Protein chains: 2
Amino acid sequence: MAKPLTIVFALYPDVTHLDFTGPHQVLCNLPGAVAIGASALGGSIEAQGLVFGDLARLADIEFCDVLCVPGGFGCTDAMADPVYMDQIKRLAAGARYVTSVCTGSLILGAAGLLKGRRAACHWAWRDMLSLFGAIPDPARVVRDGNILTGGGVTAGIDFGLTLAAEIAGPEFAQAIQLNLEYAPAPPFEAGRPETAPAAILELVMARRGSQMDERRLAIERVARSVGL
Amino acid sequence: MAKPLTIVFALYPDVTHLDFTGPHQVLCNLPGAVAIGASALGGSIEAQGLVFGDLARLADIEFCDVLCVPGGFGCTDAMADPVYMDQIKRLAAGARYVTSVCTGSLILGAAGLLKGRRAACHWAWRDMLSLFGAIPDPARVVRDGNILTGGGVTAGIDFGLTLAAEIAGPEFAQAIQLNLEYAPAPPFEAGRPETAPAAILELVMARRGSQMDERRLAIERVARSVGL
């Protein structure tokens, strides 16, 4: 019987669900894994129309080996919620690995955990990491000490396999990869602003438009309030 | 206001959650998309420790444009459940696209929907498609008429983008890809039996061992009972 390995996914309303379902599907296969979905209040949260129920209350979790903070449009509300942020700080302090996917790294930043640390983030939000004293890194998975961060959304799967290899060894991680048939074959090459056709990038930026300005202002407010 | 596009994910207990959260995250962005999680009884189902709540009851859904059936170890129980299977047949009959990810294609097969059709499936289960008169295809995403099927688990993302391009055009699909930062960079090349180190494949097959034999017997029973 493997020693328990407690992995906490710290969720919040309007999280991007694939940010955590990707790594959850990878990491729940680790020896002894107890993968827990949790939120500030417990109960359930909604994400893009899917409802995640039976969540633990973060305050009720004594300790975790891995803390994973996903991203999503709800991240700005989450980082302004002291109940949520206090638990992120507490659990991170005792965790062996402090991790995030996508804009989850901005939450780690707002918790003061990324000062002087390199971190990944969704490409459209990445530069905001510097508001929290972090060093934005364009890599898909970034390791700095015990902090592992993944880039936008689907990077969570690559992050998950990287962490799986770190914890259980590369053979184990490869067995998980084979079970999940993770041999990606995207039908287009538009996954990064550097490779997407210019017209696609313009389309995405135009749609995000004023929404991104508002998000940036919200994140700047948080950064000022936490004195980073 | 875009015309509604109803996408139903037909879930069941012990589904592999990434089979449907991957394509859900892609397809919920389509113009007018109403992406519904549903099950035979409605309510909630558990999958690898995550609880999906507020599910619709399949019988209460009048019609869908896209029916998507995910895979998972629960697929053998699902295909033996007449309540679930009757709804799959009913919704498939009216759908513009009948789709699956991973072993979800075996469920489509058990519903009699794949006779003489090419289909994808998780590599370890793929040959069982022929029990239902389907033609196993090793491609990651397979199209045969209005039937689109994806391979194992993570193929659901590639399937989702392929279907998104089909429905809303390649530009729209690429914009979704960029938003999801889908530029995968697996840390290993072990995602297919053809590329995985031999020792990894042996490890995975040894672990699946007798479990796979039981599953095959269960699926053979279903194939006999439906006269395929």
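Residues numbered from 1 in each chain as written. Chains lettered and ligands numbered in written order. Predicted model: local features only at pLDDT ≥ 70, side-chain atom pairs only at ≥ 80, totals over all residues. Heavy atoms only, no water.

1. Comments concerning the interface of chain B and chain A
How we decide: Residue contacts follow a heavy-atom distance rule, with two residues in contact if any of their heavy atoms lie within 4.5 Å. Two parts placed together each lose some accessible area under a 1.4 Å probe, and adding up what both lose gives the buried area. Whenever Lys or Arg places a side-chain nitrogen within 4 Å of a carboxyl oxygen from Asp or Glu, that contact is recorded as a salt bridge. Within 3.5 Å is the distance limit for a polar contact, defined as a pair of N or O atoms, with the added protein rule that one can donate a hydrogen and the other accept it, and that residues adjacent in sequence qualify only through two side-chain atoms. Under the DSSP-based scheme used, a helix requires at least four consecutive residues in state H or I and a strand at least two consecutive residues in state E, with every element numbered from the N terminus.
The partner chain A presents 60 residues to the 60 residues of chain B that form the contact. Across the chain B to chain A interface the summed buried area is about 5,200 Å²; carbon plus sulfur atoms make up 65%. When the buried area of chain B at its contact with chain A is split by residue, B:L178, B:E181 and B:F188 rank highest and sum to 15% of it. Here chain B and chain A share zero salt bridges between them. Summed over the shared surface of chain B and chain A, the result is 37 residue pairs in polar contact (both at pLDDT 80 or more). Only helix 1 (17-27), strand 4 (50-57), helix 5 (155-168), helix 6 (170-179) and helix 7 (198-225) of chain B provide two or more residues apiece to the side of chain B that touches chain A. Broken down by element, the residue count for the side of chain B that touches chain A peaks at nine residues, all from helix 6 of chain B.

2. Points about the pattern of salt bridges
Residue and element names in this part refer to chain B. Summed over the entire model, instances satisfying the criterion amount to 14 salt bridges over all chains. Across the salt bridge formed by D144 and R117, the nearest N and O atoms sit 3.6 Å from each other. Highlighted residues: D144 in strand 9 (residues 141-144) and R117 in the loop between helix 4 (104-110) and strand 7 (118-119), separated in sequence by 27 residues.

3. Focus on a negative patch on the surface
Heads up, the rule is: To count toward a patch, a residue needs a relative accessible area over 30% and no salt bridge; like charges are then connected within 9 Å, while nonpolar side chains (Val, Leu, Ile, Met, Phe, Trp, Tyr) are connected within 5 Å. Using a 1.4 Å probe, the Shrake-Rupley method yields the accessible areas, and only the shown protein chains count as cover for residues. Neither His nor the chain ends contribute to the count of charged residues, in which Lys and Arg are positive and Asp and Glu negative. Just so you know, the charge point we use is NZ for Lys, CZ for Arg, CG for Asp and CD for Glu.
There is a patch of like negative charges on the surface, built from A:D14, A:E46, A:D77 and B:D54. Take A:D14: it is sitting in the loop between strand 1 (5-11) and helix 1 (17-27).

4. Describing the relation of the copies chain B and chain A
Quick reminder of the rule: Fitting of the copies onto one another was done by least squares over C-alpha atoms, counting residues only where both copies have pLDDT of at least 70.
Structural alignment of chain B on chain A gives an RMSD of 0.0 Å, achieved by rotating through 180° and translating 0.0 Å along the axis. Overall, the copies show the geometry of a two-fold rotation axis. Both copies contact each other with a shared surface, as 100% of the interface residues of chain B are interface residues in chain A too.

5. Some words on the pairing of strand 1 of chain A
Residues and elements named next belong to chain A. Formally: Only protein chains enter the area calculation, which uses a 1.4 Å probe; residues under 20% of their type maximum are buried, those over 50% are exposed, and those in between are partly exposed. Two strands qualify as a pair provided that DSSP identifies no fewer than 2 bridges between them. Here, the term right-handed applies to a crossover whose path from the first strand over the helix to the second runs clockwise when the strands point away from the viewer.
For strand 1, a buried count of seven out of seven residues is recorded, marking the element as mostly surrounded by other parts of the structure. The side-chain alternation of strand 1 yields two buried faces, one formed by L5, I7, F9 and L11 and the other by T6, V8 and A10. As paired strands, strand 1 and strand 2 (residues 33-39) are joined by seven bridges and run parallel to one another. Residue pairing for strand 2: I7 is matched across the bridge by A35. In the classification by handedness, the crossover that spans strand 1, the intervening helix 1 and the parallel strand 2 is right-handed. The pairing of strand 1 with strand 5 (residues 66-69) spans three bridges and is classified as parallel. Bridging across to strand 5, F9 finds its partner in C68.

6. A few points about the packing of helix 6 (residues 170-179) of chain A against helix 7 of chain B
This is how it is decided: Every angle, taken between N-to-C directions, lies between 0 and 180 degrees, and every axis is a line fitted to C-alpha atoms, over only the stretch in contact when it is a helix. Oblique is the label for every angle not falling under 35 degrees (roughly parallel), over 145 degrees (roughly antiparallel), or within 65 to 115 degrees (roughly perpendicular). In this scheme the crossing of two helices becomes right-handed for a clockwise turn of the near helix relative to the far one and left-handed for an anticlockwise turn of less than a right angle. Residue polarity is assigned by list, with Asp, Glu, Lys and Arg as charged and Ala, Val, Leu, Ile, Met, Phe, Trp, Tyr, Cys and Pro as nonpolar; anything else, Gly included, falls into the polar class.
Direction vectors running N to C along helix 6 of chain A and helix 7 of chain B enclose 70°, while the axes themselves pass 9 Å from each other. By the angle class used here, helix 6 of chain A and helix 7 of chain B are roughly perpendicular. Crossing of helix 6 of chain A against helix 7 of chain B: the hand is right-handed. Across the interface between the two elements, A:E171, A:F172, A:Q174, A:A175, A:L178 and A:N179 of helix 6 of chain A pack against B:I200, B:L201, B:L203, B:V204, B:R207 and B:R208 of helix 7 of chain B. Considering only residue class, the contact of helix 6 of chain A with helix 7 of chain B consists of seven nonpolar, two polar and three charged.

7. Focus: helix 3 (residues 82-94) of chain B
Residue and element names in this part refer to chain B. In plain terms, the rule: What a helix should span is 1.5 Å times the count of its residues minus one. Starting at the helix axis, one direction is taken to each C-beta atom, and the arc is that of these directions.
Along its 13 residues, helix 3 runs 19 Å from first to last C-alpha, staying within 8% of the 18 Å computed at 1.5 Å per residue. For helix 3, the full list of buried residues reads Y84, M85, Q87, I88, L91 and A92. In a view along the axis of helix 3, the buried residues occupy a sector of 160°, so they form one face of it. Structural note: helix 3 exposes P82 and A93 on the side pointing more than 90 degrees away from its buried face. Buried residues in helix 3 make contact with strand 1 (5-11), strand 5 (66-69), helix 2 (75-79), strand 6 (97-101) and helix 4. The N-terminus of helix 3 is capped by D81, whose side-chain oxygen sits 3.0 Å from the backbone nitrogen of V83.

Limitation: the analysis is restricted to geometry and does not speak to function.
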